[in-house]
Amino acid sequence: MTKIKNILFIMADQLRWDYLSCYGHPHLDTPNIDKLASKGVRFDRAYVQSPVCGPSRASTYTGRTVFSHGATWNRVPLPLGELTIGDYLRPQGMTTAVVGKTHMIPDREGMARLGVDPGGEIGIKVSQPGFDPYERDDGLHPDGVLSAKGGKLAYNDWLRAKGYDGDNPWDRYANSAEGEDGEVLSGWYLKNSNLPARVKEEHSETAYMTMRAQEFIEEMGDQPWLLHLSYIKPHWPYIAPAPYHDMYGPETFLPLHRSEEERADPNPVYDAFMQLEVSETFSMQGAREVVLPAYMGLIKQIDDHLGRLFAWLEETGRDRDTMIVLTSDHGDYLGDHWMGEKELFHECSVRVPLIICDPRPEADATRGTASEALVEAIDLLPTFLEATEAPPAEHRLEGRSLMPLLRGETPDDWRDAVLSEIDYAFYAARETLGVGPSEARGYMLRSERWKYVYFRGFPPQLFDLETDPDEFHDLGCDPDHADIRAEMQAALFDRLTGRKNRVSMTDEGVRALRRDETASGILIGKWGA
């Protein structure tokens, strides 16, 4: 196979797998993403390593599971020394850049310890992490956050040049609506979600980021690149510009997915998360009816702008030498299972869309197909390495390349379960449960039939996905399923103890040391010559 020259790596924040028409949504029509799926492979069982932005992305960028790389939550830095996409591809002559969100913060303590200047070339790269920050924007800029960052935001400068006044047009225009008397209504309040944002559609975050992505590709010319186009939406604040704010009404919503059975005798950790304010708000009568039009409209807007970007790639011939990948960092409960946000391990939270279009002839046989293989977000980095003929890093990477699946081959030893993790130390749920920050850990192992969730210090959860695909009936304390729980716990233990921590020496280096031991003159246990 000829190697891939460019990679367009698209990620939409908080996009549920079932909110695209190619994944079965009956009313949310996403023809451009559907077209991408028709030209590539749609992975129907793709899972993230954590249902939280920061740790999920850190796993995707490093190819390593959450407690291997250590960035366990949004404000926990990725430790200095962890290699990311850019570290692997830059030596191959590829520019690796980001337009949009990474939700990662720099390891300033590590940089200070080693004397790395945060504003220098090395400091910028490790802070981004590993991407050239062509247009780095995490999309969360209320006044307090913006002020703490020095008040500078490129998108705000651009908006002001378009005539939007004030210190923070991101907040006052792009993520606010207008009341009947001209008052500004913040998009942070869910009750305002179904109102149109004050910004024109062509000046919204999605439009801006798509424009900046095209500008980056134009600037690169014939130079090879990986661009991480990381859309800020449909993540909250849930507010969309006209005409996307009211395209969808209750008749287009997916049915509410929850049962009173779930609240009858819940797992203690699940119960604590159901008590969070966001969960109680989304469980209120009428809340979904206000929020879902914005959520769905923001997805439709992304699809429309991707259509324009994809058309431009075709017009310029870039589609013939560019692998296109589309996924999400996690889903969104949206009131399902009596929950808001994400964090726990139901399918709507931990399962994501994943579409890969490989333009090479060797992938022709799988175009327009769907794969049922259990795949993980950490599989993307090994896929990128194989596609670009970069050296493998099997001693460090914990995922597996998806290239065989893209060629229509499923290895006999493909994984039979997927792993996800949560560090819930930062949530009020931990305080409700009365556990310490280092004890607030949860792990999910999802096999073909079973989903097992282990919460440290609490009973587990177990769902039979064959008889209970809705995940309503928790068998975590059912005596008839003790053997299954023991089997799944053993499988989880095996997965956790199989993670890669000898990251500073390759497997070949280990073999070489064994070969060279006697030649070095170090003789251990020999009686004599």
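Scroll up to find the structure this text is about.
Attention in this report is confined to the structure presented alongside it. (Residues numbered from 1 in each chain as written. Predicted model: local features only at pLDDT ≥ 70, side-chain atom pairs only at ≥ 80, totals over all residues. Heavy atoms only, no water.)

**Things to note about the overall build of the protein**
Inference 1: Secondary structure assignment for the protein yields 20 helices and 15 strands.
Inference 2: Scaling as 2.2 N^0.38, a compact globule of 529 residues should have a C-alpha radius of gyration of about 24 Å, and the protein matches this with 24 Å.
Inference 3: With respect to the principal axes defined by its C-alpha atoms, the protein has extents near 95 × 60 × 50 Å.
Inference 4: The 529 residues of the protein split such that 58% are buried.
Inference 5: Of the contacts made within the protein by residues no fewer than 6 positions apart, 73% connect residues no fewer than 24 positions apart. (Helix = DSSP H or I, 4+ residues; strand = E, 2+ residues; numbered from the N terminus. Rg over C-alpha atoms; globule rule 2.2 N^0.38 Å. Buried < 20%, exposed > 50% of the residue type's maximum accessible area, 1.4 Å probe, protein only. Contact = heavy atoms within 4.5 Å.)

**Regarding the pairing of strand 14 (residues 450-455)**
Inference 1: In terms of burial, strand 14 is largely enclosed, as five of its six residues are buried.
Inference 2: Relative to strand 14, strand 13 (residues 441-447) runs antiparallel, the two being bridged by five bridges. By the bridge assignment for strand 14, G442 is matched with F455.
Inference 3: Linking two consecutive strands that pair antiparallel, namely strand 13 and strand 14, is a turn of two residues.
Inference 4: The pairing of strand 14 with strand 15 (residues 461-464) spans four bridges and is antiparallel. Looking across to strand 15, one finds that V453 is bridged to Q461.
Inference 5: Counted between consecutive antiparallel strands, the loop separating strand 14 from strand 15 contains five residues, among which G457 sits at a positive phi close to 85°. (Pairing = 2+ DSSP bridges.)

**So, the packing of aromatic side chains**
Inference 1: A complete count under the given rule lists 20 aromatic pairs for this structure.
Inference 2: Ring centres 5.8 Å apart and planes at 85° place the aromatic pair W73 and Y427 in the edge-to-face group. Placement of the pair is W73 in the loop between helix 3 (66-69) and helix 4 (85-89) and Y427 in the loop between strand 12 (417-423) and helix 18 (428-433), with a sequence separation of 354 residues.
Inference 3: Look at Y427 and you get buried, because its relative accessible area is 12%.
Inference 4: Seen in terms of ring centroids, F273 and Y427 are 5.6 Å apart; in terms of plane orientation they differ by 55°. Their pairing is tilted. You can see F273 sitting in helix 12 (residues 268-274) and its partner Y427 sitting in the loop between strand 12 and helix 18, a full 154 residues away along the chain. Each member of the pair, F273 as well as Y427, carries the same accessibility label: buried.
Inference 5: Here the aromatic cluster, defined as three or more aromatic residues joined through ring pairs, consists of W73, F273, Y424, F426 and Y427.
Inference 6: Lying over the aromatic face of Y173, R198 brings its terminal NZ or CZ to 4.2 Å of the ring centre.
Inference 7: For the cation-ring pair, R258 lies above W338, with the distance from its terminal atom to the ring centre recorded as 4.1 Å. (Phe/Tyr/Trp six-rings, centres within 6.5 Å; stacked < 30°, edge-to-face > 60°. Lys NZ or Arg CZ within 6 Å of the ring centre and 35° of its normal.)

**With respect to the pattern of salt bridges**
Inference 1: Across all of its chains, the model carries 45 salt bridges by this definition.
Inference 2: Linked through salt bridges whose partners overlap, the residues forming this network are E347, R351, R446, K451 and E471. (Salt bridge = Lys/Arg side-chain N within 4 Å of Asp/Glu carboxyl O.)

**Description of the environment of D483**
Inference 1: Inspection of the secondary structure assignment puts D483 in helix 19 (residues 482-497).
Inference 2: By relative accessible area, which is 66% here, D483 ends up exposed.
Inference 3: For the pair formed by D483 and A264, sequence separation is 219 residues and the distance between their alpha carbons is 24 Å.

**With respect to the sheet that holds strand 13**
Inference 1: Spatial strand order, 12-13-14-15: four strands in an open sheet with antiparallel pairing. Single-partner strands in this sheet number two, and they are strand 12 and strand 15. Neighbouring strand axes in the sheet, compared pairwise and without regard to direction, differ in orientation by 10° on average.
Inference 2: By the bridge criterion, seven bridges tie strand 12 to strand 13 in an arrangement that is antiparallel. By the bridge assignment, S420 is partnered in strand 13 with M444.
Inference 3: With respect to the sheet, helix 19 is in contact with strand 12, strand 13, strand 14 and strand 15, its orientation differing from that of strand 14 by roughly 70°. (Axes fitted to C-alpha atoms, helices over the stretch in contact; angles between N-to-C directions.)

**Digging into unusual backbone geometry**
Inference 1: Here the residue pair Q128 and P129 is connected by a cis peptide bond, since its omega of -10° sits within 30 degrees of zero.
Inference 2: Residue position: P129 is located in the loop between helix 6 (121-127) and strand 4 (132-136).
Inference 3: Here W236 and P237 are connected by a cis peptide whose omega angle stands at 0°.
Inference 4: Residue placement: P237 occurs in the loop between strand 7 (225-231) and helix 11 (261-264).
Inference 5: Of note in the backbone geometry, L334 takes a positive phi value of approximately 55° without being a glycine.
Inference 6: Within the fold, L334 resides in the loop between strand 8 (322-328) and helix 15 (347-350).
Inference 7: At E471, a residue that is not glycine, the phi angle is positive and equals roughly 60°.

**Let's talk about helix 8 (residues 154-161)**
Inference 1: Three or more residues of helix 8 are buried, namely Y155, N156, W158 and L159. Each buried residue of helix 8 lies within a common arc of 160° when the element is viewed along its axis, so the set occupies one face.
Inference 2: Following helix 8 by one or two positions, G163 has its phi on the positive side, about 105°. (Arc of directions from axis to C-beta.)

**Structural notes on the packing of helix 1 (residues 31-38) against helix 14 (residues 287-316)**
Inference 1: Put simply, helix 1 and helix 14 touch, their axes get as near as 7 Å, and they point 50° apart. On the basis of their axis angle, the class for helix 1 and helix 14 is oblique. Across the interface between the two elements, P31, N32, I33, K35 and L36 from helix 1 touch K300, D303, D304, L306, G307, F310 and E314 from helix 14.
Inference 2: Classifying every residue of the contact of helix 1 with helix 14 by side-chain character gives five nonpolar, two polar and five charged. (Parallel < 35°, antiparallel > 145°, perpendicular 65-115°, else oblique. Nonpolar A, V, L, I, M, F, W, Y, C, P; charged D, E, K, R; others polar.)

**Topic: the side chain of D107**
Inference 1: Checked against the element boundaries, D107 lands in the loop between strand 3 (95-100) and helix 5 (108-114).
Inference 2: Nearest to the buried, unbridged D107 among oppositely charged side chains is R113, at 5.5 Å.
Inference 3: At 2.9 Å, the side chain of D107 and the backbone nitrogen of G110 are in polar contact.
Inference 4: Among residues more than four places away in sequence, those in contact with D107 are P77, L78, P79 and L80. (Lys, Arg positive; Asp, Glu negative; His and termini not counted. Polar contact = N/O pair within 3.5 Å; in protein donor to acceptor, adjacent residues only side chain to side chain.)

**Brief notes about the packing of helix 10 (residues 205-220) against helix 14**
Between two packed helices, the angle of one axis relative to the other and the distance separating the axes together describe the packing.
Inference 1: One can describe the packing of helix 10 onto helix 14 by two numbers: an axis separation of 10 Å at closest approach and a directional angle of 15°. With respect to helix 14, the element helix 10 is oriented roughly parallel. Crossing geometry of helix 10 relative to helix 14 is assigned as right-handed. Counted together, T206, A207, T210, Q214, I217 and E218 of helix 10 and Q301, I302, H305, L309, W312 and L313 of helix 14 form the full contact between these two elements.
Inference 2: A breakdown of the residues in the contact of helix 10 with helix 14 according to their chemical character gives six nonpolar, five polar and one charged. (Left-handed = near helix turned anticlockwise from the far one by under 90°.)

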